[in-house]
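# Topology and contacts: notes
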Amino acid sequence: PDTVRIVAHPQKDWLPPLPTIRQIEVKPHSRLLVAVGPEAGWDDPYELELLAKHGFQGVSLGSRTLRTDVALPSLLALAHDRLLAADLD
């Protein structure tokens with residue numbers, strides 16, 4: 001199956017606008033590989049560039065910066081919902 005790689009990151013001024021999980025393209029029966037960084041997000045643009053080089057695309061969980069212990073289960077719930085929607089399309 002296809003694997004969609006996403007990296008959750010708070011929207012920073014130096015980033016182009018990030019899509020939400022609902023806006024990314026996911027084919028039916030795909031897998032999602034998720035990267036979550038520190039609570040304040042990735043500080044060095046190099047880290048995001050390295051992830052992008054390996055096929056990760058940035059996604060936003062909204063305008064607020066979430067603590068890691070909140071961001072991870074939120075991201076997993078949204079990812080599960082997105083995969084289910086792709087399988088039903």
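Thresholds, definitions, all that
- All residue numbers refer to position in the chain's written sequence, counted from 1.
- Predicted model: local features are reported for residues with pLDDT of at least 70 only, side-chain atom pairs are reported and counted for 80 or more only, and whole-chain, interface and lining totals are derived from all residues.
- The basis for every side-chain value is the complete set of non-hydrogen atoms in the structure, without hydrogens or water.
- Think of it this way: any DSSP run of H or I at least four residues long counts as a helix, any run of E at least two long counts as a strand, and we number them from the N terminus.
- We compute the radius of gyration from the C-alpha atoms alone; for a globule the expected value is 2.2 Å times N to the 0.38, where N is the number of residues.
- Note on pairing: DSSP must find at least two bridges between two strands before they are called paired.
- Only C-alpha atoms enter the line fits that serve as axes; for helices the fit covers just the stretch in contact. Angles between N-to-C directions range over 0 to 180 degrees.
- Note on contacts: a residue pair is in contact if any heavy atoms of the two residues lie within 4.5 Å.
- Within 3.5 Å is the distance limit for a polar contact, defined as a pair of N or O atoms, with the added protein rule that one can donate a hydrogen and the other accept it, and that residues adjacent in sequence qualify only through two side-chain atoms.
- In the sections that follow, a salt bridge refers to a side-chain nitrogen of Lys or Arg positioned within 4 Å of a carboxyl oxygen of Asp or Glu.
- Throughout, exposure labels follow a simple rule: accessible area from a 1.4 Å probe, protein chains only, divided by the maximum for the residue type, with under 20% read as buried, over 50% as exposed, and the rest as partly exposed.
- A residue counts toward a patch only above 30% relative accessible area and without a salt bridge, and it is joined to like-charged neighbours within 9 Å or, for Val, Leu, Ile, Met, Phe, Trp and Tyr, to nonpolar neighbours within 5 Å.
- For the area figures, the Shrake-Rupley method with a 1.4 Å probe applies, and any residue is considered shielded solely by the protein chains shown.
- We score Asp and Glu as negative and Lys and Arg as positive, and we do not count His or the chain ends.
- We put the charge of a Lys on NZ, of an Arg on CZ, of an Asp on CG and of a Glu on CD.

## Topic: the overall build of the protein chain
When its secondary structure is counted, the protein chain shows two helices and three strands. Each helix and strand of the protein chain, placed in order from N terminus to C terminus, yields the pattern β-β-α-β-α. In terms of C-alpha radius of gyration, the protein chain reaches 13 Å, essentially the compact-globule figure of 12 Å for 89 residues. Its C-alpha atoms put the protein chain at 35 × 25 × 20 Å along the principal axes.

## Some thoughts on the sheet that holds strand S3 (residues 56-59)
Picture the strands of a sheet paired through backbone hydrogen bonds; they go either parallel or antiparallel. One open sheet holds the three strands; their spatial order is S2-S1-S3, and the pairing between them is parallel. Two strands in the sheet have a free side with no partner beyond their single neighbour: strand S2 (31-36) and S3. Taken pair by pair, the neighbouring strands of this sheet meet at an average axis angle of 35°, ignoring direction. Examined bridge by bridge, strand S1 (residues 3-8) and S2 share six bridges and lie parallel to one another. From the neighbouring strand, isoleucine 6 faces S2, where its bridge partner is valine 34. Contacting S1, S2 and S3, helix H2 (residues 68-88) crosses the sheet at an angle of about 165° to S2.

## A word on the side chain of serine 60
Take serine 60: it is sitting in the loop between S3 and H2. There is a polar contact of 3.0 Å between the side chain of serine 60 and the backbone nitrogen of glycine 62. Aside from chain neighbours lying at most four places away, what touches serine 60 is His9, Leu18, Pro19 and Thr20.

## Here we look at the environment of valine 59
When you line up the elements, valine 59 lands in strand S3. When the C-alpha atoms of valine 59 and arginine 22 are compared, they prove to be 9.4 Å apart, with 37 residues separating the residues in sequence. Once residues lying within four places of it in the same chain are set aside, the contact partners of valine 59 are Ile6, Val7, Ala8, His9, Leu18, Pro19, Thr20, Ile21, Ile24 and Leu75.

## Remarks on the pattern of salt bridges
Under the counting rule described, the total for this entry stands at two salt bridges. Here aspartate 2 makes a salt bridge to lysine 27, at a shortest N to O gap of 3.6 Å. Of this pair, aspartate 2 sits in the segment before S1 while lysine 27 sits in the loop between S1 and S2, placing them 25 residues apart in sequence. Residue aspartate 2 is classed as partly exposed on the basis of its relative accessible area of 39%. Between arginine 67 and aspartate 69 there is a salt bridge, and its shortest N-O distance comes to 3.2 Å.

## Quick notes on a negative patch on the surface
On the surface, Asp43, Asp44, Glu47 and Glu49 cluster together into a negatively charged patch. For aspartate 43, the position within the fold is in the loop between S2 and helix H1 (45-53).

These figures capture arrangement, not role.
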